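So you can see what is in the structure, the chains are spelled out below.
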Amino acid sequence: MLRFSDFSDFCDLSEEEIQTIAQEAKVSDVEACAIAHAAEDNPENSRQVLKLMQQYLEHVEQHADEQRSKEVHEAINHFASTHKFT
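Note that this is a predicted model, so its numbers are computed, not measured.

Enquirer: How should I be thinking about the environment of His-78 in this particular structure?
Expert: Within the fold, His-78 resides in helix H5 (residues 66-82). Owing to a relative accessible area of 35%, His-78 belongs among the partly exposed residues under this scheme. The spatial distance from the C-alpha of His-78 to the C-alpha of Glu-17 is 8.1 Å, given a sequence separation of 61 residues. Not counting residues within four places of it along the chain, the set of residues in contact with His-78 comprises Asp-12 and Glu-17.

Enquirer: Help me understand the packing of helix H3 (residues 29-39) against helix H4 (residues 43-62), please; the structure alone is not making it clear to me.
Expert: Packed helices, taken two at a time, are described by the angle between their axes plus the distance between the axes. Viewed as axis vectors pointing N to C, H3 and H4 meet at an angle of 140°, and their least axial separation amounts to 7 Å. As summarised for this structure, H3 and H4 are arranged oblique, according to the angle between their axes. Across the interface between the two elements, Ile-35, Ala-38 and Ala-39 of H3 pack against Asn-45, Ser-46 and Val-49 of H4. Taken together, the residues that form the contact of H3 with H4 break down as four nonpolar, two polar and no charged.

Enquirer: I keep staring at the environment of Val-60 and nothing clicks. Help me out?
Expert: Along the chain, Val-60 turns up in helix H4. Looking at Val-60, the relative accessible area reads 5%, which means it is buried. Along the backbone, Val-60 and Val-72 are 12 residues apart, and their C-alpha atoms lie at a distance of 8.5 Å. Sequence-distant contacts of Val-60, defined by excluding residues within four places in its chain, comprise Asp-65, Arg-68, Ser-69 and Val-72.

Enquirer: Would you explain the packing of aromatic side chains in this entry?
Expert: Describing an aromatic ring pair means giving the distance of the ring centres and the angle of the ring planes. One pass over the structure, following the stated rule, counts one aromatic pair. Aromatic pair Phe-79 and Phe-85: ring centres 6.3 Å apart, planes at 70°, arrangement edge-to-face. Overall, Phe-79 belongs to the buried group, its relative accessible area being 0%. Exposure remark for Phe-85: the relative accessible area of 22% places this residue in the partly exposed category.

Enquirer: Please clarify how the pattern of salt bridges should be interpreted in this entry.
Expert: A side chain of one charge can pair with a side chain of the opposite charge when the charged atoms of the two come close. For the structure shown, the criterion picks out two salt bridges. For Arg-68, the salt bridge identified is with Glu-16, shortest N-O distance 2.2 Å. With Arg-68 in helix H5 and Glu-16 in helix H2 (residues 15-25), this residue pair connects regions lying 52 residues apart in the sequence. Across the pair Arg-68 and Glu-71 runs a salt bridge whose closest N-O atoms are separated by 3.2 Å. Highlighted residues: Arg-68 and Glu-71, both in helix H5, separated by three residues, approximately one helical turn. We classify Arg-68 as buried; its relative accessible area is 12%.

Definitions and cut-offs
- Numbers given for residues are sequential positions, taken from 1 along each chain in its written order.
- Confidence filtering applies because this is a predicted model: local features only for residues at pLDDT of at least 70, side-chain atom pairs given and counted only at 80 or more, and all residues used for totals across whole chains, interfaces and linings.
- Heavy atoms throughout the structure, all of them, feed into the side-chain values; hydrogens and water do not.
- Going along the chain from the N terminus, every DSSP run of H or I of four or more residues is numbered as a helix, and every run of E of two or more is numbered as a strand.
- Think of it in three bands: with a 1.4 Å probe and only protein chains considered, a residue is buried below 20% of the maximum accessible area for its type, exposed above 50%, and partly exposed in between.
- Contacts: residue pairs with any heavy atoms within 4.5 Å of one another.
- Only the stretch in contact is used when fitting a helix axis, every axis being a line fitted to C-alpha atoms; angles between N-to-C directions are given from 0 to 180 degrees.
- For this classification, under 35 degrees means roughly parallel, over 145 means roughly antiparallel, 65 to 115 means roughly perpendicular, and everything else is oblique.
- Under the scheme applied, nonpolar residues are Ala, Val, Leu, Ile, Met, Phe, Trp, Tyr, Cys and Pro; charged residues are Asp, Glu, Lys and Arg; polar residues are all the others, including Gly.
- Each pair of aromatic rings taken from Phe, Tyr and Trp, with Trp reduced to its six-membered ring, is defined by centres within 6.5 Å and is described as stacked if the planes are under 30 degrees apart, edge-to-face if over 60, and tilted in the remaining cases.
- For this analysis, a salt bridge means a side-chain nitrogen from Lys or Arg found within 4 Å of a carboxyl oxygen belonging to Asp or Glu.

The following block contains the structure:
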């Protein structure tokens, strides 16, 4: 049986990054892993995923959730440092 950690390890993202993508894309965590994996070596897909993450951050900040905002900022920073954009 596959565990969530098997999927997160496959797409090389933290749980926070996966949840951030899943929340904004309105998909399951497993689908978010697939989206992120498809973006790994594809600059266009990486930019689309980063845009999803930034949109979710805006939503979180509008609802004044300071802790979640910090988590999403960290997720965005990690994603940006591990994916290709050009």
